[in-house]
Amino acid sequence: MRFYSVPCMFTVVAMLAATVACCQHAFVLDTTFKTTIQSKYVNSIYSFSDGSLFISGSMKFPGDLSFRGSAKLFQNGVQDVAFPAFPYSTGGGSIVPWNDAFYVSNGMPRRMLSSGLLDPTFHPIFDSPYFSYLQGGDYHVFPDGRVLLTGEYLLSDSVRGFVGQYNLVWITNTGYLDTTRVHRQANGPLWEFSEMPDGRFICTCSCSQYDGQPVDKLFRIEADGSLDTSFHTGFSYALTPGLIPLPDGRFYAGGWMRHTDLPDDTLRLTRVMQDGSLDPTFNSPTFGAGELPGVTGAVVSYIYPWSEGRLIVSGYFQTVNGLPRGGICMVDSTGQVLEPFAGTELGSFVYQGFTYASIDFVTEDADGNLLICGAYTGFSDGTVNDTLQRFVSRLLVQDMPTSVTEAPPAENRTHFGIQPNPANGLVRFNFETMDLKGKDGTITVREVTGKVVATLPMHGPIGQQVWDTRQVAPGTYLVEFRDSRQMLHAEKLIVQR
């Protein structure tokens, strides 16, 4: 499933020579969507077909005396108070849909119904025979409902010889230890892992040995859990909550990583070849935490595949390659930072002396808009700044034309302009575009909150409108040129006095 998103109102460079148009997106903050979550974080979202949302994390709503692991939101972000709260529901970690139910982790995955109640046909794993919980890790759900766990667990299946600490454990689709599988041991916990197209898994760990053999901190296992000894990465540290496999066997890794070939560098986003070596055609971007506190600095938390090989990357950062990108950015398949999400900013959230400002998950709602969640209070998409956004936000996806470098016919010229800019009196909105094709369009001026302060007609493909900026307060405004179907151009206007 692809996630179409578009940073709110990024400036499309006016094109004096139009070219062959291709689809570009802008991500616009939906200020009608707001939650009342007071703390502490949301790290996964599942969108129901009616537009309502199931969210997982550690959170309090007004009136809550203790944290809950999950909740349900209506389409506008308002809490559904009829949805069961702890201890009748669970949550905390990632959500994985399965048939008419979904798995959700709170250190140990549980299976839930859409009503928010636990699925009675799935036995609580931690209460299963032969199995004791030490430390949870990641989990993978197979199509038949079986679960594969990483972490640290004590097994006591003496009949089949699985006694002691294990780090890769198979669970049946009814919640019991799978006694038909070979569980695997390491000398430390396994953490994040992701299934490759061929059924193998990429794993990260705090161990140095797996199945009695030496491994890097990022290694590959076969579909049955045995070690793939042909794969070597050279990672000396790998915290990688973002693992995205590619069809050809390569994969993206996002997080906080150290590599033996780059001892003085910390990688936050990289691409790995089929044999485990770093992909030389991918230029890993530099992520900066700015004024955000933290021992490790910036961290990539999530990678979402976009169209044409592009990626939406989110996490705990304020800049990417020195460009302002508050918690979210888009890069292409070479690692180049793209224009979407330019100027985004996150408001920080402080809990027990720790400062948070991160986007930890990205997904799509039932209408194809982008949903983001994490730990933040206040969000700016680069133009619209809403200080009331909290922990979950919706970004509206809007198609915007862009161009490829190809000389166009003169009759297809496209130009939009604002003169003067900045302005302190009359301002001229100029347009020349064949996209209207004989139809009328509109010019809309918005405050940074999204409020419309002026609407002017565009009659025909070429023309000009004049607007008096003295009727509004000084500040930043967004000017949108639209036809009946889509936004043609968006540009910031600075009003001064």
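Placed above this text is the structure.
About the cut-offs
Residues numbered from 1 in each chain as written. Predicted model: local features only at pLDDT ≥ 70, side-chain atom pairs only at ≥ 80, totals over all residues. Heavy atoms only, no water. Salt bridge = Lys/Arg side-chain N within 4 Å of Asp/Glu carboxyl O. Buried < 20%, exposed > 50% of the residue type's maximum accessible area, 1.4 Å probe, protein only. Pairing = 2+ DSSP bridges. Helix = DSSP H or I, 4+ residues; strand = E, 2+ residues; numbered from the N terminus. Axes fitted to C-alpha atoms, helices over the stretch in contact; angles between N-to-C directions. Lys, Arg positive; Asp, Glu negative; His and termini not counted. Contact = heavy atoms within 4.5 Å. Phe/Tyr/Trp six-rings, centres within 6.5 Å; stacked < 30°, edge-to-face > 60°. Lys NZ or Arg CZ within 6 Å of the ring centre and 35° of its normal. Core = buried A, V, L, I, M, F, W, Y, C linked by side-chain atoms within 4.5 Å. Polar contact = N/O pair within 3.5 Å; in protein donor to acceptor, adjacent residues only side chain to side chain.

**Regarding the pattern of salt bridges**
Now for step 1: If you walk through the whole model with that rule in mind, you get 18 salt bridges.
Now for step 2: Measuring nitrogen to oxygen at the nearest pair gives 3.8 Å for the salt bridge that ties R181 to D178.
Now for step 3: Judged by its relative accessible area of 29%, R181 falls in the partly exposed class.
Now for step 4: Taking the shortest distance from any N to any O, the salt bridge between D468 and R470 comes out at 2.9 Å.

**Some remarks on the pairing of strand β32 (residues 426-432)**
Now for step 1: Where strand β31 (residues 415-419) lies against β32, five bridges are found, and the strand directions are antiparallel. Its bridge partner being in β32, G417 is matched across the sheet by N430.
Now for step 2: The turn linking β31 back onto β32 is made up of six residues.
Now for step 3: Sheet topology places β32 next to strand β35 (residues 462-468); seven bridges connect them, and they run antiparallel. Of the residues in β35, the one forming a bridge with F429 is Q465.

**Comments concerning the sheet that holds strand β4 (residues 68-73)**
Now for step 1: The strand order β2-β3-β4 describes an open sheet built from three strands, whose pairing is antiparallel. With one partner strand each, in any of the chains shown, β2 (39-47) and β4 form the two edges of the open sheet. Across the sheet, the axes of successive neighbouring strands diverge by a mean angle of 25°, strand direction being ignored.

**Structural notes on the side chain of K72**
Now for step 1: One can find K72 in strand β4.
Now for step 2: Although K72 is buried, it forms no salt bridge, and the closest oppositely charged side chain is D80 at an N-O distance of 4.4 Å.
Now for step 3: Excluding residues within four positions of it along the chain, K72 makes contact with F48, S52, L53, V78, Q79, D80 and F83.

**Focus on the sheet that holds strand β24 (residues 328-331)**
Within a sheet, neighbouring strands are paired by backbone hydrogen bonds and run either parallel or antiparallel to one another.
Now for step 1: Read across the sheet, three strands follow the order β20-β21-β24 without closing on themselves; strand pairing throughout is antiparallel. On the outer flanks of this sheet lie β20 (299-305) and β24, each paired with one strand and no other. Geometrically, the sheet is characterised by an average inter-axis angle of 25° between neighbouring strands, direction not taken into account.
Now for step 2: Note: strand β21 (residues 311-316) against β24, four bridges, orientation antiparallel. Following the sheet pairing, L311 is matched in β24 by V331.

**Description of the pairing of strand β10 (residues 162-171)**
Now for step 1: Counting buried positions along β10 yields seven of ten residues, so the element is predominantly enclosed.
Now for step 2: Where strand β9 (residues 147-157) lies against β10, nine bridges are found, and the strand directions are antiparallel. Paired with L148 across the strands is W170, a residue of β10.
Now for step 3: The turn linking β9 back onto β10 is made up of four residues, and G161 within it adopts a positive phi angle of 85°.

**Comments concerning unusual backbone geometry**
Now for step 1: Backbone torsion omega between Q419 and P420 reads -15°, so that peptide bond is classified as cis.
Now for step 2: By the secondary structure assignment, P420 is in the loop between β31 and β32.
Now for step 3: Put simply, N421 and P422 share a cis peptide bond, and its omega is 10°.
Now for step 4: Within the secondary structure layout, P422 lies in the loop between β31 and β32.
Now for step 5: Phi is positive for N99, which is not a glycine, with a value near 50°.
Now for step 6: Looking at where N99 falls in the secondary structure, it is placed in the loop between β5 (95-98) and β6 (101-105).

**With respect to the packing of aromatic side chains**
Now for step 1: Summed over all chains, the structure comprises 29 aromatic pairs.
Now for step 2: Note on Y376 and F379: the rings are 6.4 Å apart at their centroids and 50° apart in plane angle, and the pair reads as tilted. As far as the burial class goes, Y376 and F379 line up, both buried.
Now for step 3: Against the face of Y130 rests R160, its NZ or CZ located 5.9 Å from the ring centre.

**Concerning the nonpolar core**
Now for step 1: Among the nonpolar cores identified, the biggest contains 38 residues, and F287, I312 and I372 are the most heavily contacted of them.
Now for step 2: Secondary structure elements with two or more residues in this core: β1 (21-29), β20, β21, β24, β28 (358-364) and β29 (370-380).
Now for step 3: Contacts of F287, omitting those with residues within four sequence positions, involve R268, L269, A298, V300, V313, F317, T319, V320 and C329.
Now for step 4: Formed by 19 residues, the second largest nonpolar core is a distinct cluster that contains F416, I443, V472 and L488.

**Structural notes on the environment of D64**
Now for step 1: Considering the arrangement of structural elements, one finds D64 in the loop between β3 (53-60) and β4.
Now for step 2: C-alpha separation for the pair D64 and A85, spaced 21 residues apart in sequence, amounts to 9.7 Å.
Now for step 3: A distance of 2.8 Å separates a polar atom in the side chain of D64 from the backbone nitrogen of F61.

**So, the side chain of T240**
Now for step 1: With respect to the secondary-structure elements, T240 resides in strand β16 (residues 235-245).
Now for step 2: For T240, a relative accessible area of 0% translates into the label buried.

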